[in-house]
Amino acid sequence: ALCPSPGADFYLLYYSTLDDRRSLVFPEWRMRKEELRAFRRTLREFERLMTDSNGCACGGTDLSVSQCHHLLGIEEGQPTTVTDLADNLGLDRSTVSRTVEALASLGLVSREANPSDRRMSKLVLTRKGTETAEEIHRERDEYFKKVFSLIPKNRHKSVVEGFALMVQAGRSS
């Protein structure tokens, strides 16, 4: 169940059937328009903070944000296929295929024949791709260590859980 943190300014609306007012009532949390807009402003600011002064959000590499997500998605699921990567990233196959081709042309990804299904190739990071992924991880890890150092330790878990909850809800909407 989704539950706001203590002290959050949410409004609880109750719905019940007209037939039986004594029936079980299911709560639904709703944000006021002002709260939603404030959240969205904060989210936009966070997104801007995720890019460095050169507009890069990928650990000092020359990759676009999309290429970065694809590269790290391949790293996490190695070996993977375009179809699996598209499913994991929530994108269509043609978009993923074009981005993978760009990563391959940069020497970051290779396609290997799938022995069990020759129509499908597996995506694997090259040595350069692995080094680039590690560079991204190092830079982003350092950045977030600094960010979390400014947040009280007893709030770290709630920040991580909050982001995970937002991603889960976003995927479900």
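Model, not experiment: these values are computed from the prediction.

Focus: the packing of aromatic side chains
We describe a pair of aromatic rings using the distance from one ring centre to the other and the angle between the two ring planes.
Phase 1: Evaluated as defined, the whole model comprises two aromatic pairs.
Phase 2: A ring pair is formed by F46 and F163, whose centres lie 5.3 Å apart and whose planes are at 45°; its orientation type is tilted. Taken as a pair, F46 in helix α1 (residues 33-49) and F163 in helix α6 (residues 153-172) lie far apart in primary sequence, 117 residues in all.
Phase 3: Overall, the relative accessible area of 42% leaves F163 in the partly exposed class.
Phase 4: Relative to F144, the ring of Y143 lies with its centre 5.1 Å away and its plane at 85°, an arrangement referred to as edge-to-face.
Phase 5: Across from the ring centre of Y143, 4.7 Å away, lies the NZ or CZ of R140, which sits over that ring.

Focus on the pattern of salt bridges
Phase 1: Going through the model one piece at a time under the given rule, you end up with seven salt bridges.
Phase 2: Across the salt bridge formed by E35 and R32, the nearest N and O atoms sit 3.7 Å from each other.
Phase 3: Its relative accessible area of 15% is what places E35 among the buried residues.
Phase 4: Owing to a relative accessible area of 33%, R32 belongs among the partly exposed residues under this scheme.
Phase 5: In this structure, R140 engages E139 in a salt bridge whose closest nitrogen and oxygen atoms are separated by 2.7 Å.

Some words on the confidence of the model for the protein
Phase 1: Averaged over every residue, the pLDDT of the protein is 80; the share at 70 or more is 79%.
Phase 2: Per-element confidence in the protein ranges from a low mean pLDDT of 31 for strand β1 (residues 11-15) to a high of 96 for helix α4 (residues 93-105).
Phase 3: Of the regions scoring below 50 in pLDDT, residues 1-27 engages in 33 contacts with residues more than four places distant in sequence or in other chains.

Notes on unusual backbone geometry
Phase 1: In this structure, the amide linkage connecting Q78 to the following residue, P79, adopts the cis form with an omega of -20°.
Phase 2: Structurally, P79 can be placed in the loop between α2 (65-77) and α3 (82-89).

Observations concerning α4
Phase 1: Compared with an ideal rise of 1.5 Å per residue, which puts 13 residues at 18 Å, α4 spans 18 Å between its outermost C-alpha atoms and is within 8% of the ideal.
Phase 2: Where α4 is concerned, the buried positions are V96, T99, V100 and L103. Along α4, the residues classed as buried sweep out an arc of 105° about the axis, all on the same side. Opposite the packed face of α4, turned more than 90 degrees from it, sit the exposed residues R98 and S105.

Here we look at a nonpolar patch on the surface
Phase 1: Residues M31, L36, F39, L43 and M166 make up a contiguous nonpolar surface patch of about 400 Å² in total accessible area.
Phase 2: Relative to the helices and strands, L36 is located in helix α1.
Phase 3: For L36, a relative accessible area of 40% translates into the label partly exposed.

Parameters and conventions
Residues numbered from 1 in each chain as written. Predicted model: local features only at pLDDT ≥ 70, side-chain atom pairs only at ≥ 80, totals over all residues. Heavy atoms only, no water. Phe/Tyr/Trp six-rings, centres within 6.5 Å; stacked < 30°, edge-to-face > 60°. Helix = DSSP H or I, 4+ residues; strand = E, 2+ residues; numbered from the N terminus. Buried < 20%, exposed > 50% of the residue type's maximum accessible area, 1.4 Å probe, protein only. Lys NZ or Arg CZ within 6 Å of the ring centre and 35° of its normal. Salt bridge = Lys/Arg side-chain N within 4 Å of Asp/Glu carboxyl O. pLDDT = per-residue confidence, 0-100. Contact = heavy atoms within 4.5 Å. Expected span 1.5 Å × (residues − 1). Arc of directions from axis to C-beta. Patch = residues over 30% accessible without salt bridge, like charges linked within 9 Å, V, L, I, M, F, W, Y side chains within 5 Å. Areas by Shrake-Rupley, 256 points an atom, 1.4 Å probe, with all protein chains shown as cover.

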